[in-house]
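Structural characterization, general
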Amino acid sequence: MSAQLIDGKAVAQQVLQRVADGVAARCASGARAPCLATVLVGADPASEVYVRNKRRACQQVGIQSLPLHFDSDVSEADLLAEVDRLNADAGVDGILVQLPLPAHINSIAVTERIVAHKDVDGFHPYNLGRLAQRLPVLRPCTPWGVIELLRSVGEPFKQRTAVVVGASNHVGRPMMLELMLAGATATCCHRFTADVPGEVARADILVVAVGKPGMVKGAWIKPGATVIDIGINRLDDGRLVGDCDFETARERAAWITPVPGGVGPMTVAMLMQNTLQAAGLND
Ligand code: GUN
């Protein structure tokens, strides 16, 4: 078997078109365009690329972008003061502080300082709590984007076994909540899991988010599974690869996301969707 590729770029474009239509309808009704503030600290090349992609997506869908850039030695107090200003600014609907932040800044303090109704990353404890209670408001973009990708290939979720490899606060844990909300029976593998290959072998839906290139071997995967690879790792030769060994995984899976061009574009598209929704919350 050779898996079919899940085209994240194409699904993301459909989401972006929906958002663009929503922004146009909002403006036609007399409301102003939504506005997303993007806060970048320092000069991490990967973060610069991610933030540029987010600002470009704003332009594509008609969302106004407010780009803010701080030197890497900005103090935590100054960054928190900027978040306070953005929280109070009625013209700003969404606030995104790109992570990781420099080591001297407490990123949890910064994330929690963003008011929940402008938290378009969905990282605030309120938004994570709402998702845990099956009453989501602003949803973490990457896990939500994975659900959209799975829906795009007709995934039924109910009576299906999902395994998430990776238990991070921003991806693995909210991914578990999204899969349960969709109706799947979900298991999470983490650093203390006894038998990761054995858990992976049970998965109809496998989602991998660990940040280790080639960590999941094709031979572990249940034949016919749907494999979502959230990892984005740059190798020494410059190539971008995921956390699954793609060539062996595609021999067993029915569907698989490529890296790049799988989950990455969905994260940006769902951010735009959240920003449009946040504008509605702020009206
Ligand atoms: N760094 C890597 N991914 C993300 C993301 O989705 N949001 C933010 N704020 N920072 C990130």
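The structure reproduced in this document is the subject of the present report. Every value quoted in this text rests on a predicted model; they were computed, and no experiment measured them.

Residues Thr 226 and Ile 228 of strand 8 (residues 226–229) are buried on one face, and the alternating residues Val 227 and Asp 229, pointing to the opposite face, are buried as well. Sheet topology note: the strand 7 (residues 205–208)/strand 8 ladder contains four bridges and is parallel. Across the sheet, Leu 206 pairs through a bridge with Val 227, a residue of strand 8. As defined by bridge partners, strand 8 adjoins strand 11 (residues 255–256) across two bridges and the pair is classed as parallel. Bridge pairing in strand 11 places Thr 226 opposite Trp 255.

On to the state of the cysteines. Under the counting rule described, the total for this entry stands at zero disulfides. This cysteine, Cys 188, is not joined by any disulfide, and Cys 189 carries the nearest cysteine sulfur, 6.7 Å off.

A few words now on the site of the ligand. Surrounding the ligand, one finds Lys 54, Leu 96, Val 97, Gln 98, Leu 99, Asp 121, Phe 123 and Thr 267. Within the backbone of Val 97, one N or O atom sits 2.9 Å away from a nitrogen atom of the ligand. For the ligand, a nitrogen atom lies 2.6 Å from a polar atom in the side chain of Asp 121. When the free accessible area of the ligand is taken as 280 Å², the share hidden by the protein chains comes to 77%. Here the shell around the ligand is composed, by residue class, of four nonpolar, two polar and two charged.

Within the secondary structure, Cys 58 sits in helix 2 (residues 45–61). On the accessibility criterion, Cys 58 (0% relative accessible area) is buried. Between the C-alpha atom of Cys 58 and that of Asp 237, which follows or precedes it by 179 residues, the distance is 32 Å.

On the basis of which strands lie adjacent, the open sheet formed by three strands has the order 3-2-4 and parallel pairing. The open sheet terminates on both sides in strands that have one partner only, identified here as strand 3 (64–70) and strand 4 (94–97). Pairwise comparison of adjacent strand axes, ignoring direction, gives a mean angle of 15° for this sheet. Where strand 2 (residues 35–41) lies against strand 3, seven bridges are found, and the strand directions are parallel. Each bridged residue has a counterpart across the sheet, and for Val 41 the counterpart in strand 3 is Phe 70. Across the sheet, helix 3 (residues 76–88) touches strand 2, strand 3 and strand 4, and the angle it forms with strand 3 is around 165°.

Contact geometry of helix 6 (residues 141–152) with helix 7 (residues 172–182) gives a least axis separation of 9 Å together with a crossing angle of 40°. Of the possible angle classes, the one that applies to helix 6 and helix 7 is oblique. In the packing of helix 6 onto helix 7, the handedness of the crossing is right-handed. Only Pro 174, Met 175, Glu 178, Leu 179 and Ala 182 of helix 7 make contact with helix 6, whose side of the interface consists of Pro 143, Trp 144, Val 146, Ile 147, Leu 150 and Arg 151. Class assignment of the residues belonging to the contact of helix 6 with helix 7 gives a composition of nine nonpolar, no polar and two charged.

With that out of the way, let us pick up the pattern of salt bridges. Counted by the stated rule, this structure contains 10 salt bridges. Of the charged contacts, one joins Arg 202 and Glu 199 as a salt bridge, the two residues approaching to 2.8 Å between their closest N and O atoms. In this structure Arg 202 comes out as partly exposed when scored by relative accessible area, which is 39%. Between Asp 204 and Lys 222 there is a salt bridge, and its shortest N-O distance comes to 2.7 Å. Separated by 18 residues along the polypeptide, Asp 204 in the loop between helix 8 (196–200) and strand 7 and Lys 222 in the loop between strand 7 and strand 8 bring together distant segments of the chain. Accessibility expressed as a relative area gives 11% for Asp 204, which makes it buried. For Lys 222, a relative accessible area of 31% gives the class partly exposed.

Conventions we followed
- Residues numbered from 1 in each chain as written.
- Predicted model: local features only at pLDDT ≥ 70, side-chain atom pairs only at ≥ 80, totals over all residues.
- Heavy atoms only, no water.
- Buried < 20%, exposed > 50% of the residue type's maximum accessible area, 1.4 Å probe, protein only.
- Helix = DSSP H or I, 4+ residues; strand = E, 2+ residues; numbered from the N terminus.
- Pairing = 2+ DSSP bridges.
- Disulfide = S-S within 2.5 Å.
- Near = heavy atom within 4 Å.
- Polar contact = N/O pair within 3.5 Å; in protein donor to acceptor, adjacent residues only side chain to side chain.
- Areas by Shrake-Rupley, 256 points an atom, 1.4 Å probe, with all protein chains shown as cover.
- Nonpolar A, V, L, I, M, F, W, Y, C, P; charged D, E, K, R; others polar.
- Axes fitted to C-alpha atoms, helices over the stretch in contact; angles between N-to-C directions.
- Contact = heavy atoms within 4.5 Å.
- Parallel < 35°, antiparallel > 145°, perpendicular 65-115°, else oblique.
- Left-handed = near helix turned anticlockwise from the far one by under 90°.
- Salt bridge = Lys/Arg side-chain N within 4 Å of Asp/Glu carboxyl O.

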